[in-house]
Amino acid sequence: MNRPKVIVSRKWPEEVEGRMQELFDVQLNKTDTPLTAVQMQAALQGADAFCPTVSDNVSAEVLSVDNLHARIIGSYGVGFNHIDLEAAKSRGLVVTNTPQVLTDCTADLAMTLLLMTARRAGEGERHVRNKEWRGWRPTHMMGAKVTGKTLGLIGMGRIARAMAQRAFHGFGMKIIFTDPYPPPDEVVNALQAQARASIDEVLQEADFVSLHCPGGKETWHLLNAERLALMKPGAFLINSARGDVIDQAALIEALDQGVIAGAGLDVYEGEPAVPEQLLSMQNVVLLPHLGSASRETRVAMGMRVVDNLQAFFKGEAPRDRVA
Ligand code: DGY
């Protein structure tokens, strides 16, 4: 039997590429050069499965390609706001993602941002590397205490819950959250977490606000100037979700004007571009979308795509179907 033809948009971890080669007639991207819209269309015309990742814009226009041959988009990543799901559905394409396997690592990274931001770790490291350190002194680089403070979670899905566990058990933090689809009572009770009726209530009460909602039209600029103004002046904002959940220009203004104390960002509006103003601010920690970037997790994400494709080509329902 002919092996299904699969086209992968970027370089994947070696183990996963090896497994793909065993199972499929796969076209890998050894140079890791991003595909253009036209190249993505050619993949949709030439393969049974196309495997993009979260930085590929699989737009309605890309999906409107003539002579569509692919039947499944096996996306590498949990977020799927880079794919126009309605357009994919209307072309009869199945779409899958890679949930669960990246929960712990993304929560670890959100916690890293929280700690780095509160304790001025990025600034401190730059200080040492720049040979500016003149020795210990009582008032040097004082940050904000983390232990015992209130963590406000916007969205209480898997990654938020994993962050709450770290914050509650590791740092004795009080957990408050808001989510239109709250987790079961036993999850909430185990964290002694308290639900709040609105985002605004969380923002007014939290010392650290961490965003854990999906990207897309519904959450675009959820954190705008008005909402940022509700935060406590000493509070910090952490974003490991999607860049455009925050109105980035409003955030820059809020940081500049001291409306909030600082921000820890792993994602940006229009990434990989990062505005000069953010680059020059000391009270922000900036990471290059590293949430899931541990070796173990990136392999597990790739294997999850493999599982989804195998199920699909066997005529079974892939477990991570999102469209
Ligand atoms: C995702 O998977 O959606 C992340 O943003 C990248 O790991």
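Remember, it's a predicted structure, so these values are computed and weren't measured experimentally.

### Some words on the overall build of the protein
Here's step 1: Scanning the protein for helices and strands turns up 13 helices and twelve strands.
Here's step 2: For 323 residues, the compact-globule estimate of 2.2 N^0.38 gives 20 Å, and the protein sits close to it at 21 Å.
Here's step 3: In the protein, which comprises 323 residues, the proportion classed as buried is 49%.
Here's step 4: In the protein, the share of contacts with a sequence separation of at least 24, taken over all contacts with a separation of at least 6, comes to 62%.
Here's step 5: Summed over all atoms, the accessible surface of the protein reaches about 15700 Å², with 51% contributed by carbon and sulfur.
Here's step 6: Averaged over its 33 positive side-chain charges, the protein has a centre that lies 5 Å from the centre of its 38 negative ones.

### Let's talk about the sheet that holds strand β3 (residues 49-51)
Here's step 1: Here five strands make up an open sheet; going across it, the order is β2-β1-β3-β4-β5 and the pairing parallel. The open sheet terminates on both sides in strands that have one partner only, identified here as β2 (25-27) and β5 (94-96). Across the sheet, the axes of successive neighbouring strands diverge by a mean angle of 20°, strand direction being ignored.

### So, helix α2 (residues 37-46)
Here's step 1: Taken together, the buried positions of α2 are Met40, Ala43 and Leu44. All buried residues of α2 project into a common sector of 95° when viewed along the axis, lining one side.
Here's step 2: Contacts from the buried residues of α2 go to β1 (5-8), β3 and α3 (60-63).

### Observations regarding the packing of aromatic side chains
Here's step 1: Tallied over the full model, the rule gives four aromatic pairs.
Here's step 2: Between Phe208 and Phe236 the ring centres are 5.3 Å apart and the planes differ by 15°, which places this aromatic pair in the stacked class. Of this pair, Phe208 sits in strand β9 (residues 208-211) while Phe236 sits in strand β10 (residues 236-239), and the two are 28 residues apart along the sequence. Side by side, Phe208 and Phe236 carry an identical accessibility label, which is buried.

### Describing helix α5 (residues 103-118)
Here's step 1: Under the 1.5 Å per step criterion, the end-to-end length of α5 is 23 Å for 16 residues, consistent within 8% with the ideal 22 Å.
Here's step 2: Of the positions making up α5, those classed as buried are Thr103, Cys105, Thr106, Ala107, Leu109, Ala110, Met111, Leu113, Leu114, Thr117 and Ala118.
Here's step 3: After α5 finishes, the residue Arg120 shows a positive phi value of roughly 55°.

### Describing the environment of Val259
Here's step 1: Tracing the backbone through its elements, the reader meets Val259 in the loop between α11 (248-256) and β11 (262-265).
Here's step 2: The partly exposed category is assigned to Val259, whose relative accessible area is 28%.
Here's step 3: In this structure, the C-alpha to C-alpha distance between Val259 and Ala229, residues 30 residues apart in sequence, is 6.3 Å.
Here's step 4: Not counting residues up to four positions away in its chain, the partners in contact with Val259 are Leu228, Ala229, Met231, Lys232, Pro233 and Ala254.

### Brief notes about the packing of helix α1 (residues 14-23) against helix α13 (residues 295-313)
Here's step 1: Close contact between α1 and α13 brings their axes to 9 Å; oriented N to C, the two are set at 15°. Considered as vectors, α1 and α13 are oriented roughly parallel to each other. The two elements α1 and α13 meet at a crossing, and its hand is right-handed. Residues Glu15, Val16, Arg19, Met20 and Leu23 of α1 lie in contact with α13, whose contacting residues are Arg295, Arg298, Val299, Gly302, Met303, Val306, Leu309 and Gln310.
Here's step 2: Among the residues making up the contact of α1 with α13, the classes are represented as seven nonpolar, two polar and four charged.

### Examining the side chain of His221
Here's step 1: Note on placement: His221 falls in the loop between β9 and α10 (225-230).
Here's step 2: Residue class for His221 comes out buried when judged on its relative accessible area of 15%.
Here's step 3: In terms of polar contacts, His221 uses its side chain to reach the side chain of Glu269, at 2.7 Å.
Here's step 4: With near-sequence residues (within four places) excluded, His221 lies in contact with Asp244, Val245, Ile246, Asp247 and Glu269.

### Digging into the packing of α5 against helix α7 (residues 158-171)
Here's step 1: Across the interface, α5 lies against α7 with an axial gap of 8 Å and an inter-helix angle of 55°. Compared by their axis directions, α5 and α7 come out oblique. Once α5 is placed against α7, the crossing between them reads as right-handed. Facing Thr103, Asp104, Thr106, Ala107, Asp108, Ala110, Met111, Leu114 and Leu115 of α5, the residues of α7 in contact are Arg158, Ile159, Ala162, Met163, Arg166, Ala167 and Phe171.
Here's step 2: Partitioning the contact of α5 with α7 into residue classes produces ten nonpolar, two polar and four charged.

### Let's talk about the pattern of salt bridges
Here's step 1: By the definition in use, this model includes 16 salt bridges.
Here's step 2: Between Glu15 and Arg295 there is a salt bridge, with its nearest N and O atoms 2.7 Å apart. Linking Glu15 in helix α1 with Arg295 in helix α13, this pair joins segments that are 280 residues apart in sequence.
Here's step 3: In this structure Glu15 comes out as partly exposed when scored by relative accessible area, which is 38%.
Here's step 4: When its relative accessible area of 52% is taken as the criterion, Arg295 is described as exposed.
Here's step 5: Each member of the salt-bridge network shares a partner with another, and the members are Lys11, Glu17 and Lys30.

Basis of the calculations
Residues numbered from 1 in each chain as written. Predicted model: local features only at pLDDT ≥ 70, side-chain atom pairs only at ≥ 80, totals over all residues. Heavy atoms only, no water. Helix = DSSP H or I, 4+ residues; strand = E, 2+ residues; numbered from the N terminus. Rg over C-alpha atoms; globule rule 2.2 N^0.38 Å. Buried < 20%, exposed > 50% of the residue type's maximum accessible area, 1.4 Å probe, protein only. Contact = heavy atoms within 4.5 Å. Areas by Shrake-Rupley, 256 points an atom, 1.4 Å probe, with all protein chains shown as cover. Lys, Arg positive; Asp, Glu negative; His and termini not counted. Charge placed at Lys NZ, Arg CZ, Asp CG, Glu CD. Pairing = 2+ DSSP bridges. Axes fitted to C-alpha atoms, helices over the stretch in contact; angles between N-to-C directions. Arc of directions from axis to C-beta. Phe/Tyr/Trp six-rings, centres within 6.5 Å; stacked < 30°, edge-to-face > 60°. Expected span 1.5 Å × (residues − 1). Parallel < 35°, antiparallel > 145°, perpendicular 65-115°, else oblique. Left-handed = near helix turned anticlockwise from the far one by under 90°. Nonpolar A, V, L, I, M, F, W, Y, C, P; charged D, E, K, R; others polar. Polar contact = N/O pair within 3.5 Å; in protein donor to acceptor, adjacent residues only side chain to side chain. Salt bridge = Lys/Arg side-chain N within 4 Å of Asp/Glu carboxyl O.

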